[in-house]
Amino acid sequence: QVQLVESGGGLVQAGDSLRLSCAASGRTFSSYAMGWFRQAPGKEREFVAAITWSDGNTYYADSVKGRFTISRDNAKNTVYLQMNSLKPEDTAVYYCAATIQTIVPAWQLYDYWGRGTQVTVSS
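About the criteria used
- Residues numbered from 1 in each chain as written.
- Predicted model: local features only at pLDDT ≥ 70, side-chain atom pairs only at ≥ 80, totals over all residues.
- Heavy atoms only, no water.
- Pairing = 2+ DSSP bridges.
- Helix = DSSP H or I, 4+ residues; strand = E, 2+ residues; numbered from the N terminus.
- Axes fitted to C-alpha atoms, helices over the stretch in contact; angles between N-to-C directions.
- Salt bridge = Lys/Arg side-chain N within 4 Å of Asp/Glu carboxyl O.
- Buried < 20%, exposed > 50% of the residue type's maximum accessible area, 1.4 Å probe, protein only.
- Contact = heavy atoms within 4.5 Å.
- Phe/Tyr/Trp six-rings, centres within 6.5 Å; stacked < 30°, edge-to-face > 60°.

### Concerning the sheet that holds strand 7 (residues 68-73)
- Taken together, 4 strands build an open sheet; the order of strands is 1-3-8-7 and the sheet is antiparallel. Only two strands of the sheet have a single neighbouring strand rather than two, namely strand 1 (3-7) and strand 7. Strand-to-strand, the axes of this sheet are offset by a mean angle of 15°, without reference to chain direction.
- Bridging between strand 7 and strand 8 (residues 78-83) involves 6 bridges; their strand directions are antiparallel. Counterpart to Arg72 in the pairing with strand 8 is Val79.

### Side note on the pattern of salt bridges
- Applying the stated criterion to the full structure yields 4 salt bridges.
- In this structure, Glu46 and Arg38 form a salt bridge, with 2.8 Å as the shortest nitrogen-oxygen distance.
- Judged by its relative accessible area of 32%, Glu46 falls in the partly exposed class.
- A salt bridge links Asp90 to Arg38, with the nearest nitrogen and oxygen atoms 2.9 Å apart. Pair noted here: Asp90 is in the loop between strand 8 and strand 9 (92-99) and Arg38 is in strand 4 (residues 33-39), with a separation of 52 residues, a long-range link.
- Judged by relative accessible area, which is 1%, Asp90 ranks as buried.
- Arg38 gets classed as buried once you look at its relative accessible area, which sits at 6%.
- The structure contains a network of salt bridges with shared partners spanning Arg38, Glu46, Arg67 and Asp90.

### Side note on the side chain of Arg67
- Among the secondary structure elements, Arg67 is positioned in the loop between strand 6 (58-60) and strand 7.
- Excluding residues that lie within four positions of it along the chain, Arg67 makes contacts with Gln82, Met83, Asn84, Ser85, Leu86, Lys87 and Asp90.

### Some words on the environment of Val64
- Here Val64 shows up in the loop between strand 6 and strand 7.
- It is 17 Å that separates the C-alpha atoms of Val64 and Gln13, two residues lying 51 residues apart in sequence.

### Regarding the packing of aromatic side chains
- Under the definition given, this model contains 8 aromatic pairs.
- Ring geometry for Phe37 against Phe47: centres 5.6 Å apart, planes inclined by 75°, an arrangement best described as edge-to-face. Taken as a pair, Phe37 in strand 4 and Phe47 in strand 5 (residues 46-52) lie far apart in primary sequence, 10 residues in all. As far as the burial class goes, Phe37 and Phe47 line up, both buried.

Right, dumping it as structure tokens:
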């Protein structure tokens, strides 16, 4: 059974940093791309960043480029999202997801999802 479990969310102030983790289990993900998405209340799910397990290629949304960094630890089957210089508009539930496709920003193409972790940034 495939499981993606996010952790690391919390309440921080603007300008602070957080690191989210996504622990993956239940299958071999070497052919997958892993993505982070977020969804704020009343808004659509939004792509944040993605990475391929195999070679570590990355892709970012313009809104987080230069502030967020996605990485993976193959030995631990874990993907990370380092978030720096957080802004109140980054407040959302952050989800980890996996797709057999190459890196894609469309959430509809992701096959597996975690339950999410809340990130709240106060001004």
